Amino acid sequence: MKRPLILKLSFYREAGEIMFRKKSEILRIIQFTFFSVSAGFIELGSFALLNEWTDWNYWPCYLLALSLSVLWNFTLNRRFTFHSAANIPLAMLKVLGYYAVFTPLSTLLGNYLNESLAWNEYLVTALNMILNFITEYLFQRFFVFGKSMDTKKPSSADSARMH
């Protein structure tokens, strides 16, 4: 028995949509990675400046550097990676909630590794950055912007910059 043409077309349309979603998600991950690397440069650069030019302990250098990179990363990823038109203050509160857990844990662990176990402060910061990258992507992708992804329409200024 032959399948009706409509069922065949429906199958190909659904398969195309799945492939498009996979390709979109891969591009989203690449873009998040790019912006996270740029935030990483901000974090490492500001951490290095504070670590080398002040007599501060590990934790205040790390906290200030982390705060600068979070602000940069959130702003770019909301607009360009997740294309979210969600309520910005609410999205920022959700991210603040993530960092209310991540920051104390990573600060205490980082300070312990550096001060008590004498691990190199740059190695500790790099490990914190890797952990932050993975957990923050998952948190933003599924909790902060999960329901509002791709709801922001590019403005005419954005379109002009892209061409």
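In this convention, every chain numbers its residues from 1, walking through the sequence in written order. Reporting in this predicted model follows two pLDDT cut-offs: at least 70 for local features of residues, and 80 or more for side-chain atom pairs to be given and counted; totals over whole chains, interfaces and linings ignore these cut-offs and use all residues. Heavy atoms from the whole structure form the basis of all side-chain values; hydrogens and water molecules are not counted.

Colleague: Quick one: what's the story with the packing of aromatic side chains, residue by residue and with numbers?
Modeller: Each aromatic ring pair is characterised by the separation of its centres together with the angle its planes make. Pairing of aromatic side chains requires ring centres within 6.5 Å, counting the rings of Phe and Tyr and the six-membered ring of Trp. Pairs whose planes differ by under 30 degrees are stacked, by over 60 edge-to-face, and all others tilted. If you walk through the whole model with that rule in mind, you get 16 aromatic pairs. Both rings, one in Y98 and one in F102, keep their centres 5.6 Å apart while their planes meet at 10°; by these two values the pair is stacked. Residue Y98 and its partner F102 are both found in helix α3 (residues 88-116); the two are separated by four residues, about one turn of the helix. Exposure remark for Y98: the relative accessible area of 10% places this residue in the buried category. Counting from the N terminus, the helices are DSSP H or I runs at least four residues long and the strands are E runs at least two residues long. For every residue, the accessible area obtained with a 1.4 Å probe (protein chains only) is divided by the maximum for its type, and the residue is called buried under 20%, exposed over 50%, and partly exposed between those limits.

Colleague: Could you give an account of α3, with specific residues and numbers?
Modeller: The end-to-end C-alpha distance of α3, which contains 29 residues, comes to 40 Å, matching closely the 42 Å that a straight helix rising 1.5 Å per residue would cover. Residues of α3 that are buried include every one of A91, V95, Y98, Y99, F102, T103, S106, T107, G110, L113 and N114, and no others. In what follows, residue pairs with any heavy atoms lying within 4.5 Å of each other are defined as contacts. Taken together, the buried residues of α3 touch α2 (58-81) and α4 (121-144). Of the residues one or two after α3, A118 is the one with positive phi, at around 60°. Take the residue count of a helix, subtract one, and multiply by 1.5 Å to get its expected span.

Colleague: Outline the nonpolar core, listing residues and values.
Modeller: What is meant by a nonpolar core is a set of buried Ala, Val, Leu, Ile, Met, Phe, Trp, Tyr and Cys residues, joined one to another through side-chain atoms within 4.5 Å. F47, Y62, F82, V95, Y99 and F145 are the most contacted members of the largest nonpolar core, which totals 22 residues. At the level of elements, α1 (5-53), α2, α3 and α4 are the ones that each hand at least two residues to this core. If we ignore the near neighbours within four places in the chain, the residues touching V95 are V70, F74, F139, Q140 and V144.

Colleague: Summarise a nonpolar patch on the surface; cite the residues concerned and give the values.
Modeller: A patch consists of residues whose relative accessible area exceeds 30% and which take part in no salt bridge; residues with like charges are grouped when within 9 Å of each other, and nonpolar side chains (Val, Leu, Ile, Met, Phe, Trp, Tyr) when within 5 Å. Reported accessibility uses the Shrake-Rupley method at a 1.4 Å probe radius. Residues are deemed covered only where the shown protein chains occlude them. For salt bridges, the criterion is a side-chain nitrogen of Lys or Arg within 4 Å of an Asp or Glu carboxyl oxygen. There is a patch of nonpolar side chains on the surface, built from L109, Y112, L117, W119, L123, L127, I130, F133, I134, L138 and F142 and spanning about 1,000 Å² of accessible area. Per-element tally for the nonpolar patch: the top contributor is α4, with seven residues. For L117, a relative accessible area of 42% puts it in the partly exposed group.

Colleague: Describe the environment of I134, naming the residues involved and giving the relevant values.
Modeller: With respect to the helices, strands and loops of the structure, I134 is situated in helix α4. Judged by its relative accessible area of 45%, I134 is partly exposed.

Colleague: Account for the pattern of salt bridges, with residues named and values stated.
Modeller: Considering all chains together, one arrives at three salt bridges under this definition. Two residues, D150 and R28, come together in a salt bridge whose shortest N-O distance is 2.9 Å. Of this pair, D150 sits in the loop between α4 and α5 (156-162) while R28 sits in helix α1, placing them 122 residues apart in sequence. The class of D150 is partly exposed, set by a relative accessible area of 43%. Taken together, the shared-partner salt bridges in this structure form one network comprising E25, R28, R141 and D150.

Colleague: Can you break down the confidence of the model for the protein chain residue by residue, with the values?
Modeller: The predictor's confidence in any single residue is recorded as pLDDT, a number from 0 to 100. When pLDDT is averaged along the protein chain, the result is 85; 82% of the residues meet or exceed 70. Across the protein chain, the element-wise mean pLDDT spans from 53 in α5 up to 93 in α3.

Colleague: Residues and numbers for α4, please.
Modeller: Among the residues of α4, those classed as buried are V124, T125, N128, M129, N132, E136, Y137, Q140, R141 and V144. Pairs of N or O atoms are called polar contacts if they sit within 3.5 Å, as long as, within protein, a hydrogen donor faces a hydrogen acceptor (for residues adjacent in sequence, only side-chain-to-side-chain pairs). Its side-chain oxygen at 2.7 Å from the backbone nitrogen of Y122, N120 defines the N-terminal cap of α4.

Colleague: I'd love a proper account of the packing of α2 against α3, names of residues and values included.
Modeller: Axis angles are defined between N-to-C directions and span 0 to 180 degrees, where every axis is a line fitted to C-alpha atoms and, for a helix, only to the segment in contact. Two elements in contact, α2 and α3, have axes separated by 10 Å at closest approach and are oriented at 150°. Classified by the angle between their axes, α2 and α3 sit roughly antiparallel to one another. In terms of crossing hand, the pair formed by α2 and α3 is right-handed. In terms of residue class, the contact of α2 with α3 is made up of 13 nonpolar, six polar and two charged. Any angle between 65 and 115 degrees counts as roughly perpendicular, while under 35 counts as roughly parallel, over 145 as roughly antiparallel, and the rest as oblique. Should the near helix be turned anticlockwise from the far one by less than a right angle, the crossing is termed left-handed; should it be turned clockwise, right-handed. Charged means Asp, Glu, Lys or Arg here, nonpolar means Ala, Val, Leu, Ile, Met, Phe, Trp, Tyr, Cys or Pro, and polar covers whatever is left, Gly included.

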